[in-house]
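# Geometric and topological summary
The lines below spell out each chain.
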Amino acid sequence: MSLIKIEVDPGNVLQRQFTELERSQLPFVAMQAANRTAEEVKYQWDRLIQTRLDQPVPLTVKSVRLDRARYVRGAGGKRANDGAMVSIR
């Protein structure tokens with residue numbers, strides 16, 4: 001199984017001086033960036049499977065799987081995000 005995992009660690013970025021609004025929105029922005037990057041990777045893999053393989057069966061065409069990043073509650077109730085993951089069965 002092939003696997004690409006995209007994770008964003010906003011911890012290093014939060015050490016800078018941000019406003020409270022920026023600090024509260026950073027996990028959401030990181031989640032959106034990870035999801036969009038993973039969607040593009042999935043799209044490119046889908047295209048490669050259909051163009052590079054000779055007469056792929058439907059199971060092969062649908063073998064690319066995308067798990068989007070989502071919010072999870074961390075310690076102390078702070079928001080964090082889980083990384084996006086693209087895999088091939």
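Residues numbered from 1 in each chain as written. Predicted model: local features only at pLDDT ≥ 70, side-chain atom pairs only at ≥ 80, totals over all residues. Heavy atoms only, no water.

## Describing the environment of threonine 51
With respect to the element layout, threonine 51 can be found in helix H1 (residues 20-52). We classify threonine 51 as exposed; its relative accessible area is 59%. Within the local environment of threonine 51, its side chain forms a polar contact with the backbone oxygen of arginine 47, the two atoms lying 2.9 Å apart. (Helix = DSSP H or I, 4+ residues; strand = E, 2+ residues; numbered from the N terminus. Buried < 20%, exposed > 50% of the residue type's maximum accessible area, 1.4 Å probe, protein only. Polar contact = N/O pair within 3.5 Å; in protein donor to acceptor, adjacent residues only side chain to side chain.)

## A look at the nonpolar core
Counting residues in each nonpolar core, the largest one holds 10 residues, listed as Met31, Ala34, Ala38, Trp45, Ile49, Val64, Leu66, Ala69, Ala84 and Val86. Considering each element in turn, this core owes the most residues, five residues, to H1. Those residues in contact with isoleucine 49 that sit more than four places away from it in its chain are Pro56, Thr60, Val61, Ser63 and Val64. (Core = buried A, V, L, I, M, F, W, Y, C linked by side-chain atoms within 4.5 Å. Contact = heavy atoms within 4.5 Å.)

## What about the pairing of strand E2 (residues 64-67)?
Burial along E2 is one-sided: Val64 and Leu66 are buried, and none of Arg65 and Asp67, which face the opposite way, are. With four bridges connecting them, E2 and strand E5 (residues 84-88) associate as antiparallel partners. In the sheet register, valine 64 faces E5, and the bridge partner there is isoleucine 88. (Pairing = 2+ DSSP bridges.)

## Notes on the pattern of salt bridges
In the structure shown here, the tally under the stated rule is three salt bridges. Residue glutamate 39 pairs with arginine 68 through a salt bridge whose shortest N-O separation is 3.2 Å. With a gap of 29 residues between them, glutamate 39 in helix H1 and arginine 68 in the loop between E2 and strand E3 (70-73) connect regions that are remote in the sequence. Note that lysine 42 is salt-bridged to aspartate 46, the shortest N-O span being 2.8 Å. Residue lysine 42 and its partner aspartate 46 are both found in helix H1; the two are separated by four residues, about one turn of the helix. Judged by its relative accessible area of 23%, lysine 42 is partly exposed. (Salt bridge = Lys/Arg side-chain N within 4 Å of Asp/Glu carboxyl O.)

## As for the confidence of the model for the protein chain
For the protein chain, per-residue confidence averages 79 on the pLDDT scale, and 71% of positions sit at 70 or higher. Per-element averaging of pLDDT across the protein chain places strand E4 (residues 79-82) at the bottom with 63 and E2 at the top with 91. (pLDDT = per-residue confidence, 0-100.)

## Some thoughts on the environment of threonine 37
Structurally, threonine 37 can be placed in helix H1. Along the chain, threonine 37 and valine 86 lie 49 residues apart, while their C-alpha atoms are 9.9 Å from each other.

## Notes on H1
End to end, H1 covers 49 Å across 33 residues, agreeing with the expected 48 Å (1.5 Å per residue, within 8%). A bend of about 40° at leucine 26 is the largest found in H1, and the proline proline 27 appears one to four places after it. (Expected span 1.5 Å × (residues − 1). Bend = angle between axes of the 7 residues up to and from the residue.)

## Overview of unusual backbone geometry
Its identity as a non-glycine residue notwithstanding, glutamine 55 has a phi of 50°, on the positive side. Secondary-structure assignment places glutamine 55 in the loop between H1 and helix H2 (58-61). For glutamine 55, a relative accessible area of 70% corresponds to the exposed category.

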